[in-house]
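This is what each chain is made of:
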Amino acid sequence: MKRFGRFAGCALAVVVAGSFAGGAGAREIVPFETDAYRAGTIVIRNSERALYLVGGDGRAMRYRVAVGRPGKQWLGSAWIKGKYVEPAWSPPEEVRRDKPHLPDVIPGGSPKNPMGPRALLLDRDEYAIHGTNRPKSIGTYASYGCIRMRNVDIIDLYERVKVGAKVVVVP
């Protein structure tokens, strides 16, 4: 597993009210009928606050996630360009403007680090799929655009996906 010393991506989250469409908490295998996505593709449905890892057999693993808050969401395709264990985090400029008191870097493994224990860096510069130090935000519109998962779920997803996997974000 790769360790990453300084992670310049993803923004610190601001928790807002919301709930996960579909109820209960843990990841689960669900029907996922579509020919549009190959096995191994990650599909994120912002309106559901759900991430699906397509299995290619008419099923997918569904995880609850936090997505970008209004005005911070993005749509389209991306690729996983890196996988990181206990990434350090540097606030992007937008976050620094909103929260100037933040340090330049929060070390990986710190309870104040918003990245959690794993991060999947996307090819869209400051965006990632990662864990969180704010588990109550899962199921909400909370971030500056990153996809946030429960720490046990990002560890699970990290083990299942490869660098180069396609990520598709839809409304």
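Note that the structure is predicted; figures quoted are calculated from it, not measured. (Residues numbered from 1 in each chain as written. Predicted model: local features only at pLDDT ≥ 70, side-chain atom pairs only at ≥ 80, totals over all residues. Heavy atoms only, no water.)

Novice: When you look at the overall build of the protein chain in this model, what are you seeing that I'm missing?
Specialist: The number of helices and strands found in the protein chain is two helices and ten strands. Ordering the α and β elements of the protein chain from the N terminus gives β-β-β-β-β-α-β-β-β-β-α-β. In the protein chain, of all internal contacts separated by at least 6 residues, the share reaching a separation of at least 24 is 70%. (Helix = DSSP H or I, 4+ residues; strand = E, 2+ residues; numbered from the N terminus. Contact = heavy atoms within 4.5 Å.)

Novice: What exactly am I supposed to notice about the pairing of strand S4 (residues 59–68) here?
Specialist: For a regular strand, the rule is simple: side chains alternate between the two faces of the sheet. Of all ten residues that make up S4, nine are buried, and the element is covered over most of its length. In this sheet, S4 lies alongside strand S3 (residues 50–54) in antiparallel orientation, the contact comprising five bridges. Across the sheet, the residue bridging to Val 54 is Ala 60, located in S4. Between the end of S3 and the start of S4, which pair antiparallel, lie four residues, with Gly 56 showing a positive phi angle near 80 degrees. Here S4 pairs with strand S9 (residues 147–149) via two bridges, running antiparallel. For Val 65, the partnering residue across the bridge sits in S9 and is Met 149. As paired elements, S4 and strand S8 (residues 141–143) share two bridges and run parallel to each other. Residue pairing in the sheet places Gly 68 in a bridge with Ser 143 of S8. (Buried < 20%, exposed > 50% of the residue type's maximum accessible area, 1.4 Å probe, protein only. Pairing = 2+ DSSP bridges.)

Novice: Explanation requested: the packing of aromatic side chains in the structure shown.
Specialist: The relation between two aromatic rings is expressed through the spacing of the ring centres and the mutual angle of the planes. The full count for this structure, using the stated rule, is three aromatic pairs. Ring centres 6.4 Å apart and planes at 45 degrees place the aromatic pair Phe 32 and Tyr 37 in the tilted group. Given a relative accessible area of 5%, Phe 32 falls into the buried group. Centroid distance Phe 32 to Tyr 52: 5.1 Å. Interplanar angle 35 degrees. Geometry classified as tilted. Here Phe 32 is found in the loop between strand S1 (28–31) and strand S2 (42–45), whereas its partner Tyr 52 is found in strand S3, with 20 residues between them in sequence. Tyr 52 shares its class with Phe 32; the two are buried. Note that Arg 45 overlies the ring of Tyr 52, its terminal NZ or CZ placed 4.9 Å from the centroid. One residue, Arg 118, lies across the ring of Tyr 158, its end atom 5.5 Å from the ring centre. (Phe/Tyr/Trp six-rings, centres within 6.5 Å; stacked < 30°, edge-to-face > 60°. Lys NZ or Arg CZ within 6 Å of the ring centre and 35° of its normal.)

Novice: Please explain the pairing of strand S5 (residues 76–85) as it appears in this structure.
Specialist: Pairing geometry for S5 and strand S10 (residues 166–170), over four bridges, is antiparallel. What sits directly across from Trp 79, in S10, is Lys 166. Of the pairings in the sheet, the one linking S5 to strand S6 (residues 118–122) comprises five bridges and is antiparallel in character. From the neighbouring strand, Gly 82 faces S6, where its bridge partner is Leu 121.

Novice: Sorry if this is basic, but what is going on with the pattern of salt bridges here?
Specialist: For side chains bearing opposite charge, pairing can occur when the charged atoms are close. Across all of its chains, the model carries ten salt bridges by this definition. In the salt-bridge network here, residues are joined through shared partners; they are Arg 27, Arg 150, Asp 153, Asp 156 and Arg 160. (Salt bridge = Lys/Arg side-chain N within 4 Å of Asp/Glu carboxyl O.)

Novice: How should the layout of surface pockets be read in this particular structure?
Specialist: The rolling of a water-molecule-sized probe over the atoms marks out the regions of remaining empty space. Considering only enclosed or pocket space, the largest pocket measures out at about 250 Å³ in volume. Residues belonging to the lining of the largest pocket are distributed by class as follows: eight nonpolar, three polar and four charged. (1 Å grid on protein atoms, 1.4 Å probe; cavity = no way out; pocket = protein on both sides within 12 Å on 5 of 7 lines; lining within 4 Å. Points joined across faces, edges and corners; volume = space filled by probe spheres on them. Nonpolar A, V, L, I, M, F, W, Y, C, P; charged D, E, K, R; others polar.)

Novice: How do you make sense of the environment of Val 168 when you look at a structure like this?
Specialist: One can find Val 168 in strand S10. Counting along the chain gives 125 residues from Val 168 to Val 43, while the straight-line C-alpha distance between them is 4.8 Å. Not counting the four nearest positions on each side in its chain, Val 168 is found in contact with Tyr 37, Thr 41, Ile 42, Val 43, Ile 44, Gly 76 and Ser 77.

Novice: It is not clear to me how the nonpolar core should be interpreted in this structure. Could you clarify?
Specialist: A general trend in soluble globular proteins is that nonpolar side chains are found buried together. Judged by nonpolar contacts, the single largest core of 24 residues is most densely connected at Ile 42, Ile 44, Leu 51, Ile 129, Leu 157 and Val 167. Of all elements in the fold, only S2, S3, S4, S5, S6, S9, helix H2 (151–160) and S10 reach the threshold of two or more residues within this core. In contact with Leu 157, not counting residues within four places along its chain, are Ile 42, Leu 51, Leu 53, Tyr 63, Leu 120, Ile 129 and Met 149. Counting nine residues, the second largest nonpolar core, distinct from the first, contains Trp 89, Ile 106, Ala 119 and Ala 128. (Core = buried A, V, L, I, M, F, W, Y, C linked by side-chain atoms within 4.5 Å.)

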